Amino acid sequence: MTTLDIVGIEKSFGATPVLRDVSLALGHGEFLAIVGPSGCGKSTLLRIVAGLEAADRGSVRLDGQPVDALPPKGRDVAMVFQSYALYPHMTVAQNIALPLVMRDLDRRQRLPGWRLVSAATRAARRRIAGTVAEAADMLQLSALLDRRPGQLSGGQRQRVALARALVRRPRIFLLDEPLSNLDATLRTQTRNEIAQLQRRLGVTTVYVTHDQVEAMTMATRIAVMFEGRVHQVGTPEEVYRSPASLAVAEFVGTPRITVLDARLAPGGVMLGGRLWPAAFAAPPGGGAIGPADIRVGVRPEGFVLGDPAGPGMLAARVSHVEYLGSEGLAHLLLDAAPRGAVARIDAGLAGRLRPGETVGVRPDPAGLLLFGPDGRRLDARVGQPSSAMAEAS
Amino acid sequence: MTGKPGGGRGWLAWLLIAPAVLGLVLFVLGPTIAVAVMSLTDWQLGAAEAAFVGLDNYAALPGDRVFRIALANTLVYGAIVTPVSVLLGLGLALLVEGAPAGRTFFRSAFFLPVVSTTVAMAVVWEFLLHPSMGPANLLLGTLGIAPQNFLGHAGTVLPTLAAIGIWENAGFNMVLFLAGLKSIPRELYQAAAVDGADRPWERFWTVTFPLLGPTLLFVVVIALLRSFKVFETVAAITQGGPRRASEVLLYTIYQEGFGFFRIGHASALTMVFLAGLLVLALVQIRLLDRRVHYR
Ligand SMILES: Nc1ncnc2c1ncn2[C@@H]1O[C@H](COP(=O)(O)OP(=O)(O)OP(=O)(O)O)[C@@H](O)[C@H]1O
Ligand SMILES: [Mg+2]
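So, how was this worked out
- Residues numbered from 1 in each chain as written.
- Chains lettered and ligands numbered in written order.
- Predicted model: local features only at pLDDT ≥ 70, side-chain atom pairs only at ≥ 80, totals over all residues.
- Heavy atoms only, no water.
- Pairing = 2+ DSSP bridges.
- Helix = DSSP H or I, 4+ residues; strand = E, 2+ residues; numbered from the N terminus.
- Donors = N, O, S within 2.8 Å, 3.2 Å for Na, K, Ca; no water.
- Buried < 20%, exposed > 50% of the residue type's maximum accessible area, 1.4 Å probe, protein only.
- Contact = heavy atoms within 4.5 Å.
- Buried area = accessible area lost by both parts, 1.4 Å probe.
- Salt bridge = Lys/Arg side-chain N within 4 Å of Asp/Glu carboxyl O.
- Polar contact = N/O pair within 3.5 Å; in protein donor to acceptor, adjacent residues only side chain to side chain.
- Domains from an automatic or database assignment.
- Axes fitted to C-alpha atoms, helices over the stretch in contact; angles between N-to-C directions.
- Parallel < 35°, antiparallel > 145°, perpendicular 65-115°, else oblique.
- Left-handed = near helix turned anticlockwise from the far one by under 90°.
- Nonpolar A, V, L, I, M, F, W, Y, C, P; charged D, E, K, R; others polar.
- pLDDT = per-residue confidence, 0-100.

## Notes on the pairing of strand β1 (residues 4-13) of chain A
Residues and elements named next belong to chain A.
Phase 1: Pairing analysis gives seven bridges linking β1 to strand β2 (residues 16-26), with the strands arranged antiparallel. The partner of Phe13 across the bridge, within β2, is Thr16.
Phase 2: Hairpin connection, β1 to β2: the antiparallel pair is bridged by two residues, and Gly14 has positive phi, about 65°.
Phase 3: Pairing between β1 and strand β4 (residues 57-62): five bridges, direction antiparallel. Opposite Glu10, over in β4, you have Arg57 as the bridge partner.

Encoded structure:
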């Protein structure tokens, strides 16, 4: 049981800043997922926590103690590398045992024939073999212990890498996209195994992935990173329902959130030619924004489809329909959404809608997410739009 | 649909490999067969005719004093040059790879002996080791040690030639090891560091050495082959002397064939030499296939 604090980490490679003022705090046994697009600095952050890379500024603390001066070994962290990094010349058993051999045996005891001479070494080796067998059993590797990594499938290698991390019962698990090379079935299965294992062992875990479904299903909290910055940290639900920025809103959630163009107007937001009354928690931009262009995000389930002539409806053209069995997705073209809109619809409607057809679509005001010109979220409560068509000006 | 692979296009395949086959026949197979045939005769270079003598040339070899000396010297030379130049090459490669700066400089500096002309370098060595005016002996003199005739003394000539051979080959081995080191994934060292193997020695035994296995075996065999082929330094500096103390196989073959014109005898020697190299090459292929490929 360990707490991990990442405080104000900055890192540049040459002139390129890779991490900018990254701070995260993990409680005892917490499972934090870090998500973000490729190249945003996730692996770099993990390697700094492991001690494989030095930060330019900032500090990593375990149980409140700074560990910045300690090498990886002194931090007692275990890491699963994106590429597994198994030792190709060792059997599965030897791979899993290595962290224990390095920790529990001294230099002399590690010599190949030493166990013949020393009873203590024999006992220690037996203990290690027992621990390895346990870990292998947990990850269903018992039948493969004598194989070399080259004779294993991708999923099996994955589990060996995990087992090598697990045997030591480290203070922190660092998992860098450990499922990226698995097929969909194996990925779902291993995802559940890891999550269960982590809960059972209670080891504080940082899990890096660029797959947001993985993050949402496994983690207690998610940190979303863009270009070296943490935009938001929160539970999966927080990150989904109240994203801190447009980037977070667009990254989290499949299908993607629909982004509509809108403008600030006295008393609310002009969207699709109507005024939507909005009460801002703080005057947007301290009043500096004025009638600026803002953007409105709507999740797929935040749309209601109906008759184009119905009250409050925006006219949209159906581009195509995805029929998913229990429900469907309507891809719509409308003036306010330059990149198109996606609405979740019931299966019956999905069977009836035809591409090219004109329908009415109305965003549910409760689900509207407003973002300022800088992409930050504007905290606002939006009400039903005026029923009368206001003249756009 | 299609016939068996290449079935109808056999002639095209032959056409495509023709240049390679031609080269092989002209420059390798042909001469080898010619030498094998000549080794069964008593032909003298320049003689109009030759008689078939069967295996007489081979039968005479075990009793041939010069052959026995040359074989022993060649083996001793190889037994010194191979391990030392391989270990030195490995050490240099590790140092150069870990050097904070100047990697290219060191790489070139140590590789220089490989690309320089051995005969020219032999002259330089002869001067360096000259009994009276060579810098090596001047250095010994400052230490109060009497001058040594390294290349002129039967007891020191072979080790001295071996030292020159080491100087010549270590850089070559280093470059092979450098290539091997490059192919070790960096993440393995990082995994080792996380797993607790982070001291230089632990890194070496956990990752570097095992992953260098295939390279090491390859380098050892190549170094053996190269050391058995020692010729230039002997021909340029010692001509096998003094008192045959530096007589080596290739030099004996050269002397027998082109010094004494005993082509039959020289051919038999060549065949024995070739057989030795072939066995080495086969051993290498077998070993490479088996142990060191982690599959
Ligand atoms: N050793 C290095 N030298 C220079 N630049 C580097 C180095 N390592 C990483 N970078 C750069 O730092 C940035 C972040 O890299 P990082 O590997 O942390 O990304 P990531 O978020 O893990 O991406 P991915 O999801 O593709 O694994 C990238 O732009 C990368 O090019
Ligand atoms: Mg990465």
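## What to know about the coordination of the magnesium ion (ligand 2)
Residues and elements named next belong to chain A.
Phase 1: Donor atoms from the polypeptide that coordinate the magnesium ion (ligand 2) comprise Ser43 (OG) and Gln82 (OE1), at 1.9 to 2.8 Å from the metal. Here the residue Ser43 occupies a position in helix α1 (residues 42-50), and Gln82 occupies one in the loop between β6 (77-80) and α3 (92-104), the gap between them amounting to 39 residues.
Phase 2: A relative accessible area of 32% places Gln82 in the partly exposed class.

## Regarding the interface of chain B and chain A
Accessible area lost upon the coming together of the parts is a frequently used measure of interface size.
Phase 1: Tallying the contact residues gives 20 residues for chain B and 26 residues for chain A.
Phase 2: Roughly 2000 Å² is buried in total at the junction of chain B and chain A, and carbon and sulfur atoms are behind 59% of that figure.
Phase 3: Our count for the contact surface shared by chain B and chain A stands at two salt bridges.
Phase 4: Across the pair Arg164(A) and Asp195(B) runs a salt bridge, and its minimum N-O distance is 3.6 Å.
Phase 5: Inspection of the chain B/chain A interface yields seven residue pairs in polar contact (both at pLDDT 80 or more).
Phase 6: Contributions of two or more residues to the side of chain B that touches chain A are made by α8 (186-194) and α9 (200-211) of chain B.

## Points about the domain arrangement of chain A
Residues and elements named next belong to chain A.
Phase 1: Taken domain by domain, chain A consists of domain 1 (4-244) and domain 2 (255-382).
Phase 2: The C-alpha centroid of domain 2 is placed 41 Å from the C-alpha centroid of domain 1.
Phase 3: Counting residues at the interface gives six residues for domain 1, matched by seven residues for domain 2.
Phase 4: When the buried area of domain 1 at its contact with domain 2 is split by residue, Tyr240, Pro243 and Ala244 rank highest and sum to 82% of it.
Phase 5: The tally of links between domain 1 and domain 2 comes to zero salt bridges.
Phase 6: Joining domain 1 to domain 2, the criterion identifies four residue pairs in polar contact (both at pLDDT 80 or more).

## Here we look at the packing of helix α4 (residues 103-115) of chain B against helix α7 (residues 157-182) of chain B
All names here are of chain B.
Phase 1: It is the contact of α4 with α7, at a shortest axis distance of 6 Å, that shows an interaxial angle of 130°. With respect to α7, the axis of α4 lies oblique. Handedness of the crossing formed by α4 with α7: left-handed. Touching Arg107, Phe110, Phe111, Pro113 and Val114 of α4 are Trp167, Glu168, Gly171, Phe172, Met174, Val175 and Leu178, all from α7.
Phase 2: Here the contact of α4 with α7 is composed, by residue class, of nine nonpolar, one polar and two charged.

## Things to note about the confidence of the model for chain A
Phase 1: Predicted confidence across chain A gives a mean pLDDT of 87, with 96% of residues reaching 70 or more.
Phase 2: Counted against residues more than four places away or in other chains, residues 388-393 of chain A, with its pLDDT under 50, gives four contacts.

## Considerations on the pattern of salt bridges
Phase 1: Counted by the stated rule, this structure contains 18 salt bridges over all chains.
Phase 2: Close ionic contact of Arg262(B) with Glu256(B) constitutes a salt bridge, the shortest N to O distance being 3.3 Å.
Phase 3: Since its relative accessible area comes to 35%, Arg262(B) is described here as partly exposed.
Phase 4: Connected through salt bridges with shared partners, the residues Arg187(A), Asp211(A) and Glu214(A) form a single ionic network.

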